[in-house]
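Architecture at a glance
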Amino acid sequence: MFDPELYDAFYRKTNTSVALTVFAVGKYLDAYLKDFLTSAESHFMPGLRVVYYVFTDSPERVPKIQLGPQRSIVIMKVEKHKRWQDISMMRMKTISNIIESHIRHQARYVFCMDVDQIFVGRFGSEALGDSVALMHSFFYHSPKFMYTYDRNPNSVAFMEKGDLYYHAAVFGGKWENVQRLAESCYLGIMTDKRNQVEALWHDESHLNKYFWIHKPSKVLSPEYCWATEVGYRRDLHFPRLVWAEKQYGILRT
């Protein structure tokens, strides 16, 4: 077990600031955003300066959250796409743009997360790194032949093999590295669109391809985004972020 105070003391000394991006579009806003932000205030990067960037099609409906010292929120209006898959894929362009226009001037690090999650334990400075990826909780103990890489050779995201399977619900790093990842994934997505191809798991397929070529400097345990339906695992003791109850039948209509 690491000593969190040692990590926090180092990053406080360097006056480190962290941006956290999250998309809450359509029904996802009311279903998940309040719990996501409220729990982040308790557990995400304690003691550091944090700026939340909330992307939504309904800024007026973003809940009011009591923020702690050195914490702020920026609400950005985005277009609502007809298909949830397009919302997922087009976020990469939005992330690249907001890094260029805002985050690079305000924060050294940035994390990008899905909104349908709840913080239940410390997600602190120990998670910071140059380029940060997350092992997918469904696959971290699975044999590699079960990894759901895109197997279509016509897609930019095509992979014959890989080392780990990463979850696109959490990724981060120094802003310039996250921007490179987002730009690469967006270009791959748009190339596929021109070729009338769609990767199996959309932006996650492109993210896995990127991390296969450009290895992350830090890989987080599935504790940093755990799915409780996986069940008990003796090697995981401290869940920090967990999947909220999925209501895809309602939310993706």
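In the block above lies the structure referred to throughout.
Residues numbered from 1 in each chain as written. Predicted model: local features only at pLDDT ≥ 70, side-chain atom pairs only at ≥ 80, totals over all residues. Heavy atoms only, no water.

1. Considerations on the environment of Thr56
Here Thr56 is to be found in strand 2 (residues 49–56). Classification of Thr56 by relative accessible area gives buried; the value is 0%. Once the C-alpha coordinates of Thr56 and Met146 are considered, the two residues, 90 residues apart in sequence, prove to be 34 Å apart. Apart from residues no more than four positions distant in its own chain, Thr56 is found in contact with Ala24, Val25, Leu29, Val62, Ile75, Met76, Lys77 and Val78. (Helix = DSSP H or I, 4+ residues; strand = E, 2+ residues; numbered from the N terminus. Buried < 20%, exposed > 50% of the residue type's maximum accessible area, 1.4 Å probe, protein only. Contact = heavy atoms within 4.5 Å.)

2. A closer look at the pattern of salt bridges
Side-chain pairing between opposite charges can occur once the charged atoms of the two side chains come close. Summed over all chains, the structure comprises eleven salt bridges. Across the pair Arg12 and Glu5 runs a salt bridge whose closest N-O atoms are separated by 2.6 Å. Note on Arg12: relative accessible area 38%, which makes it partly exposed. By relative accessible area, which is 41% here, Glu5 ends up partly exposed. We note a salt bridge from Lys215 to Asp163, for which the minimum N-O separation is 3.1 Å. Linking Lys215 in the loop between helix 5 (203–213) and strand 8 (218–220) with Asp163 in the loop between strand 6 (131–134) and strand 7 (170–174), this pair joins segments that are 52 residues apart in sequence. Looking at Lys215, the relative accessible area reads 46%, which means it is partly exposed. Take Asp163: its relative accessible area is 25%, and that puts it in the partly exposed class. Each of Asp8, Arg122 and Glu126 takes part in a single network of salt bridges with overlapping partners. (Salt bridge = Lys/Arg side-chain N within 4 Å of Asp/Glu carboxyl O.)

3. Observations concerning empty space enclosed by the protein
In this structure the tally under the stated criterion is one cavity of 30 Å³ or more. Along the walls of the largest cavity sit Asp130, Ser131, Val132, Phe171, Gly172, Asn177, Val178, Leu181 and Phe211, which together make up its complete lining. For the lining of the largest cavity, the secondary structure elements donating two or more residues are strand 6, strand 7 and helix 4 (175–194). With three residues, helix 4 is the single largest residue contributor to the lining of the largest cavity. Of the residues contributing to the lining of the largest cavity, the split by class is five nonpolar, three polar and one charged. (1 Å grid on protein atoms, 1.4 Å probe; cavity = no way out; pocket = protein on both sides within 12 Å on 5 of 7 lines; lining within 4 Å. Points joined across faces, edges and corners; volume = space filled by probe spheres on them. Nonpolar A, V, L, I, M, F, W, Y, C, P; charged D, E, K, R; others polar.)

4. As for the side chain of Glu126
Structurally, the position occupied by Glu126 is in the loop between strand 5 (117–119) and strand 6. What makes Glu126 buried here is its relative accessible area of 6%. Within polar-contact distance, the side chain of Glu126 engages the side chain of Arg122 at 2.8 Å. When residues no more than four places from it in sequence are discounted, the contact partners of Glu126 are Phe2, Tyr7, Lys218, Tyr224 and Arg240. (Polar contact = N/O pair within 3.5 Å; in protein donor to acceptor, adjacent residues only side chain to side chain.)

5. Re the packing of helix 4 against helix 5
For the pair helix 4 and helix 5, interaxial distance at closest approach is 9 Å and the crossing angle is 125°. When the axis of helix 4 is compared with that of helix 5, the two are oblique. For the pair helix 4 and helix 5, the crossing hand works out as right-handed. Together, Asn177, Arg180, Leu181, Ser184, Cys185, Gly188, Ile189 and Asp192 of helix 4 and Asp203, His206, Leu207, Tyr210 and Phe211 of helix 5 make up the contact between the two elements. Class assignment for the residues of the contact of helix 4 with helix 5 results in six nonpolar, four polar and three charged. (Axes fitted to C-alpha atoms, helices over the stretch in contact; angles between N-to-C directions. Parallel < 35°, antiparallel > 145°, perpendicular 65-115°, else oblique. Left-handed = near helix turned anticlockwise from the far one by under 90°.)

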